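Letter by letter, the chains look like this.
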Amino acid sequence: MVRAPSQTEITAALRQVELFAALDDGALAELAAVVRPREFQRGELLFVEGDIGDALLILVAGSVSVFRTSADGDRAALNVLEPPEVLGEIALLDGASRSASVEALETTTVLSLSRGEFFGLLRSHPGVLDPLMRQLGTMVRRLPEQAADHVFLDLAGRVAR
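Caption draft 1: Broad picture of helix α2 (residues 25-34). Residues of α2 that are buried: A27, L28, L31 and A32. The buried residues of α2 occupy an angular sector of 140° when the element is viewed end-on, so they sit on one face. In α2, the exposed positions angled more than 90 degrees off the buried face are occupied by D25 and A33. Its buried side turned inward, α2 meets α1 (7-15), β8 (108-114) and α4 (115-124). Backbone nitrogen of G26 and a side-chain oxygen of the N-cap are separated by 3.1 Å at the start of α2; the cap is D24.

Spelled out as structure tokens, the structure:
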């Protein structure tokens, strides 16, 4: 078992995340006080496609695989993420279910920020909206590119991409 990160370590980790980088020291300390550190072992699921999107996860240590599962149980890997990435921002915003599953590829530590705390942060620190909108814009721009890859690239090309 790994020791829980200190408030100083949590604040330093939050400062590395683009979404929170513009926050002043006081706002980061407020945020550090409400996030919950969680640890996952290799192979453990952080969340599963279809789960309620009730928390934003900030990857602090380790790495995770984001994947979808077919009705037949086949997995399609979508991405591998490492710190300082953020997981679950879309479901957090709309309150809908998770669009993918996430599995720890090694011992992984995340900071969990509840939906209520996140919206409280947005109300008290609207500066978070700008990087959030940039991040969402990047995701939306990537969608047509991914769709085009599936149409125009053969399997080898898609894997290489």
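Caption draft 2: Structural detail: the nonpolar core. Within the largest apolar cluster, 25 residues are counted, with the highest numbers of intra-cluster contacts made by L14, L19, F20, L23, L31, L56 and F118. Only α1, α2, β3 (55-61), β8, α4 and α5 (129-152) provide two or more residues apiece to this core. If one sorts the elements of this core by residue count, α2 sits on top with four residues. Once you skip the residues sitting within four places of it in the chain, L31 turns out to touch L14, F20, L23, L113 and L121. Counting residues in each nonpolar core, the second largest holds 13 residues, with L46, F47, L81 and V110 among its members.

Caption draft 3: Summary view of the pairing of strand β5 (residues 75-81). As judged from the six bridges shared by strand β4 (residues 64-69) and β5, these two strands associate in the antiparallel manner. Its bridge partner being in β5, V66 is matched across the sheet by N79. Remark: five residues form the turn of the hairpin made by β4 and β5, two consecutive strands paired antiparallel; G73 in that turn has positive phi of roughly 95°.

Caption draft 4: Fine view of α4. The set of residues buried in α4 consists of F118, L121 and L122. What you see down the axis of α4 is that its buried residues fit within an arc of 100°, all on one side. Every exposed residue of α4 that faces more than 90 degrees away from the buried side is listed here: G116 and R123.

Caption draft 5: Examining the sheet that holds strand β2 (residues 45-47) more closely. Strand order in the open sheet made by the four strands is β2-β7-β4-β5, with antiparallel pairing throughout. Every other strand in the sheet has two partners, leaving β2 and β5 as the edge strands with one partner each. Within the sheet, the average angular offset between the axes of one strand and its neighbour, ignoring direction, is 30°. Here β2 runs beside strand β7 (residues 101-104); their pairing, made up of two bridges, is antiparallel. Note that in β7 the partner of F47 across the bridge is V102.

What counts and how
Position numbers for residues count from 1 along each chain, tracking the sequence in the order it is written. Given that this is a predicted model, residues contribute local features only at a pLDDT of at least 70 and side-chain atom pairs are listed and counted only at 80 or more, while totals for whole chains, interfaces and linings are drawn from all residues. In computing side-chain values, all of the structure's heavy atoms are included and hydrogens and water are not. The buried label applies to any residue whose accessible area, calculated with a 1.4 Å probe on protein chains only, is under 20% of its type's maximum; exposed applies above 50%, and partly exposed to all values in between. Note on conventions: DSSP H or I runs of at least 4 residues are helices, E runs of at least 2 residues are strands, and numbering of each starts at the N terminus. To obtain the arc, one takes the directions from the helix axis to the C-beta atoms. Contacts are residue-level and defined by heavy atoms, with any inter-residue pair within 4.5 Å sufficient. Under the rule applied, a polar contact is a pair of N or O atoms within 3.5 Å (in protein, one hydrogen donor and one hydrogen acceptor; residues adjacent in sequence only if both atoms are side-chain atoms). For our purposes a nonpolar core is just a set of buried Ala, Val, Leu, Ile, Met, Phe, Trp, Tyr and Cys residues, chained together by side-chain atoms within 4.5 Å. One requirement defines pairing of two strands: DSSP has to find at least two bridges between them. The axes used here are C-alpha line fits, helices contributing only the stretch in contact, and every angle between their N-to-C directions lies in the interval 0 to 180 degrees.

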